[in-house]
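Geometric and topological summary
One letter stands for each residue in the lines below.
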Amino acid sequence: MASGDEDTDNKGNMWIVNPMFEHPVNVVSKKNTNTRENKFYFLQNISALLLLRLAFKSLGVVYGDLGTSPLYVFYNTFPDGIDDTEEVIEALSMIIYSLALIPLIKYVLIVCRANDNGQGGTFALYSLLCRHAKVRTIPNVDQSDEELTTYSCSTVNEQSFAGKTKKWLEKYSWRKTLLLGLVLVGSSMVIGDGILTPAISVLSAVAGIRLDYPNMDKSRLNDEVVIIVAVAILMVLFSVQHHGIDKVGWLFAPIVFLWFLVLGGIGIFNIWKYDSSILKAFSPVYVYRFFRKGKIWKSLGGIMLCVTGTEALFADLSQFPVIAIQIAFTVVVFPCLLLAYSGQAAYLMKNSQDVRSVFYQSIPDFIYWPVFVIATAAACVASQATISATFSVIKQALAFGCFPRVKVVHTSKKYPNHIYIPEINWILMILCVAVTAGFKNQHQIGNATGLAVLTVMLVTTLLMILIMPLVWHCHWILVLIFACMSLLVEGTYFSAMIFKVNRGGWVPLVIAAAFFITMSVWHYGTIKLYQFEMQSKVSIQWILGLGPSLGLVRVPGIGLVYGELPSGVPYIFAHFITNLPAIHSVVVFVCVKYVPVHTVPEGERFLVSRVGPKCFHMFNCVARYGYKDLHRRDDEFETNLFDNLFRFARLESLMESCSDSEVYSIPEQQATEHSAHNTNLPGCNKVTTHSTQDSTLCIDSHELSFNPMVIDDEMDELEFLTRCRDTGVVHILGKTVVMARRDSEFHKKIVIDYIYAFLRKVCRENSVIFNVPHECLLNVGQVILV
């Protein structure tokens, strides 16, 4: 085995290679993990009672948005009234088959299976693609990252359909850029949906307010009160986000479950009371009759709103197993929605003039106000789920280098997915209130919501066309069937929504365009900065040429030099010592990078290697995070970094104390935690050595005698590191100004010198993200021309 390589034995232990300069060593070994076997084991051992409990809880998180659609679908389908009751049956038939094709078949049965270890959403699909093909625009993933237990991927035959798809995708860089642009379009529309869904849900729910004062225009009074109440509820909803939802989150599932029962019960009552013949809409003949008429585009935009919230179903997947979500939809959500829409259609067959408020008009008087309260509560729950999904999308975009640095607050110790982003929350609130008060009616907001939802669905379809061959290794015929069916249904709806752009549909386009430009410019600047760092990194030969003292004054303490490079010496170090020829006794180059996985286990987070000879006391430390991981103040990042640094020194000394072999392995269960002050060598049950002839020798630890001089050397280094840490730790960060070159093109100057510079100015500093104390911070100013 060549020096610097890594391998695993049949028991899952990682071989640790002699550390040479830039070759990283994961100081905690890793066990092989088969994702499919783990999922199968999980499903085998989960009890039926627990599964039903999870399915019940998923109602409050996943299906709130989809459940509030009956409040406004028929009004948006017939905004100008109903001319012929036959149109009601045809519209109901379209709603039935839309619910069956999109939420049930496409999302619940197919797309939900394309989760990234339980994580859903646009960036989760992109993460899967990044692991199965080299499509990342920032190539900072190396072989050591692929050894993570959560980095599940598979190899493909180059001659297979999957292999040809992978080769086609990797061939040109513009295809990778186009793929990322597609992901950013979908993410931008999800953010737009996070603004529009609370507006239409709350506005439709409180539209049931009934006021009756003499000598006043009742209709006008109701509309004004509805707007005021809706705005007030939205402002309260966004204002309490920073408290988290832990204290009231347990109410979400009961509220939504009760809401679905109410929908189903009212639907049965209306079918029985008004017109049971409406059930003939289950025949696909009426779908054909609907398309045979020439005015279908007028109604399609409203019918499409019946699947609003389906994209949130996949985005909020992370907290529940797929089978629990499937049970909740097929047992509760789907039948209740069918009954609700059928009941409203039956009511409209006899009262077509009440289409504007068909839901509240069809409620029996004796339960009117209780249903109004439940509907308002359900709308708030649906809005909360959409807001949380928006925060999650921003966090994922931040991890992939596609969004400016913002403050991410973890609001729950029990639920890691509960986060809050202050800047985004207030932007959402302002825009949501502006949309509600500006449009003042459900129809135009419905047009805007429909366009946003359809765009996200189309993006998901296009990504799934790549996921199916690359990840699932599906036959090309299955991919073709899925693509044709999905694009046919969604493309038809999308063609109808295009005609709604001038009637409210422009809102999500404007919102999405603003966020898309922000994310694209930030990612472009991040790529240019990374390319500069790669081209300007300091070579090992230059470090070796400085001599044991690096040609500098070595002052006591430890200097943590932060950079963007996962390996090598960053340019900021050369810039620093050129202007100030003094450096700390111990230098650690720290790189915090995100890997395209949902999370990195704590035991595999830090990757430590030595830079230069041992006498230089220079190390490289890479802290790896997934797109769901959070930097929290209680993470003790610095403490964990030093624990791994000391563990690395012990392992290195252990390897030096053994025979002259190349590769050593230590089982993970024996890599116990040791404090920096403990200078005893960590014990292990077994030390396995491989010689150059691939012979293997296993020796128990109690049979292995160590050289006292080696232990003394190890104690000397550990004591030196401990003494330097106790002297003081300084965090050295770059205060970088990025500018376009003078000979750059005009559009590049606009992007870099104005938009990107503005985003860097208003976003949070790295020192805040890393929770660096001000008294231990040293900023190094530098100007970079890209």
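A brief report on the enclosed structure follows. Just so it is clear, the model here is predicted, and its values are computed rather than measured.

**Topic: the packing of aromatic side chains**
- Scanning the entire structure with this criterion turns up 24 aromatic pairs.
- The structure contains a cluster of three or more aromatic residues connected by ring pairs, namely Trp259, Phe359, Tyr360, Tyr368, Trp369 and Phe372.
- Taking the ring centre of Tyr151 as reference, the NZ or CZ of Arg131 above it sits at 5.9 Å.
- Directly above the ring of Phe642 sits Arg725, whose terminal nitrogen or CZ lies 5.9 Å from the centroid.

**Thoughts on the pattern of salt bridges**
- Summed over the entire model, instances satisfying the criterion amount to nine salt bridges.
- Close ionic contact of Arg605 with Glu602 constitutes a salt bridge, the shortest N to O distance being 3.0 Å.
- With relative accessibility at 52%, the residue Glu602 sits in the exposed group.
- Ionic pairing is found between Asp629 and Arg605, a salt bridge with its closest N-O pair at 3.0 Å.

**Some points on helix α19 (residues 422–439)**
- Here α19 spans 26 Å end to end across 18 residues, near enough to the 26 Å set by a 1.5 Å rise per residue.
- Following α19 by one or two positions, Lys440 adopts a phi angle in the positive range, close to 65 degrees.

**Some words on a nonpolar patch on the surface**
- On the surface, a cluster of nonpolar side chains totalling about 910 Å² of accessible area is made up of Leu101, Ile105, Leu109, Phe161, Trp476, Ile477, Leu478, Leu480, Ile481 and Met485.
- Of all the secondary structure elements, the ones that give two or more residues to the nonpolar patch are α5 (86–110) and α21 (476–498).
- Tallying contributions element by element places α21 first for the nonpolar patch, with six residues.
- Within the secondary structure, Leu109 is located in helix α5.

**Quick look at unusual backbone geometry**
- Despite not being glycine, His473 shows a phi value in the positive range, around 60 degrees.
- With respect to the element layout, His473 can be found in the loop between α20 (442–470) and α21.
- Among the residues examined, His473 registers a relative accessible area of 37% and is labelled partly exposed.
- The backbone phi angle of His617 is positive, close to 55 degrees, even though this residue is not glycine.
- By the secondary structure assignment, His617 is in the loop between β6 (606–610) and β7 (618–625).
- Exposure remark for His617: the relative accessible area of 19% places this residue in the buried category.

**Thoughts on the nonpolar core**
- Tyr63, Phe260 and Val588 are the most contacted members of the largest nonpolar core, which has 196 residues in total.
- Grouped together as the second largest cluster of nonpolar side chains are 19 residues, Val569, Phe576, Ile577 and Met618 included.

**A look at the sheet that holds strand β4 (residues 553–563)**
- An order of β6-β7-β5-β4-β11-β12 is seen for the six strands of this open sheet, with the pairing classed as mixed. Among the strands making up the open sheet, the edge pair consists of β6 and β12 (777–785). On average, adjacent strands in this sheet sit at an angle of 25 degrees to one another, irrespective of strand direction.
- Direction of pairing for strand β5 (residues 582–594) relative to β7: parallel, over a ladder of eight bridges. From the neighbouring strand, Lys593 faces β7, where its bridge partner is Arg624.

**Here we look at the environment of Asn579**
- Note that Asn579 resides in helix α24 (residues 571–579).
- Counting along the chain gives 201 residues from Asn579 to Val780, while the straight-line C-alpha distance between them is 9.9 Å.

**What to know about the packing of helix α2 (residues 48–62) against helix α16 (residues 322–350)**
- Contact geometry of α2 with α16 gives a least axis separation of 8 Å together with a crossing angle of 75 degrees. In this view, α2 runs roughly perpendicular relative to α16, as classed from their interaxial angle. Residues Leu51, Leu52, Leu54, Ala55, Ser58, Leu59 and Val62 of α2 touch α16, and the partners they reach there are Ile323, Ala324, Ile325, Ile327, Ala328, Val332 and Val333.
- Of the residues in the contact of α2 with α16, the class split is 13 nonpolar, one polar and no charged.

**Details of the pairing of strand β11 (residues 729–739)**
- Pairing of β4 with β11 involves four bridges; the strand directions are parallel. Across the sheet, Val561 pairs through a bridge with Ile732, a residue of β11.
- Relative to β12, β11 is paired through nine bridges, and the arrangement is parallel. Each bridged residue has a counterpart across the sheet, and for His731 the counterpart in β12 is Leu777.

Each value, and the rule that gives it
- Each residue is numbered by its place in its chain's sequence as written, counting from 1.
- Local features in a predicted model are, by the rule used here, given only for residues with pLDDT of at least 70; side-chain atom pairs are given and counted only at 80 or more, and totals for whole chains, interfaces and linings are based on all residues.
- Values shown for side chains rest on all heavy atoms present in the structure; no hydrogens or waters enter the calculation.
- Planes of paired rings set the category: under 30 degrees apart is stacked, over 60 is edge-to-face and the rest tilted, where pairs are Phe, Tyr or Trp rings (Trp by its six-membered ring) whose centres lie within 6.5 Å.
- Over a ring means this: the NZ of a Lys or the CZ of an Arg is within 6 Å of the ring centre and within 35 degrees of the ring normal.
- A side-chain nitrogen of Lys or Arg and a carboxyl oxygen of Asp or Glu constitute a salt bridge if their distance falls within 4 Å.
- Buried residues are those whose accessible area, probed at 1.4 Å on protein chains only, stays under 20% of the maximum for their type, while exposed residues exceed 50% and partly exposed ones sit between those limits.
- Strands here are runs of E lasting at least two residues and helices are runs of H or I lasting at least four, both read from the DSSP assignment and numbered beginning at the N terminus.
- For a helix, the expected span equals 1.5 Å multiplied by the number of residues minus one.
- Like charges are joined within 9 Å and nonpolar side chains (Val, Leu, Ile, Met, Phe, Trp, Tyr) within 5 Å, but only among residues with over 30% relative accessible area and no salt bridge; these make up the patches.
- Shrake-Rupley sampling with a 1.4 Å probe provides the accessible areas, and residues are treated as covered by the protein chains on show and by no other component.
- Nonpolar cores were defined as sets of buried Ala, Val, Leu, Ile, Met, Phe, Trp, Tyr and Cys residues, with membership established by side-chain atoms within 4.5 Å.
- Any two strands with at least two DSSP-identified bridges between them are counted as paired.
- To get an axis, a line is fitted to the C-alpha atoms, and for a helix only the part in contact is used. The angle between two axes follows their N-to-C directions and goes from 0 to 180 degrees.
- Roughly parallel here means an angle under 35 degrees, roughly antiparallel means over 145, roughly perpendicular means 65 to 115, and every remaining angle is called oblique.
- Residues are treated as being in contact if the distance between any of their heavy atoms lies within 4.5 Å.
- For this classification, Asp, Glu, Lys and Arg are treated as charged, while Ala, Val, Leu, Ile, Met, Phe, Trp, Tyr, Cys and Pro are nonpolar and the rest, including Gly, are polar.

In short, shape yes, function no, at least from these values alone.
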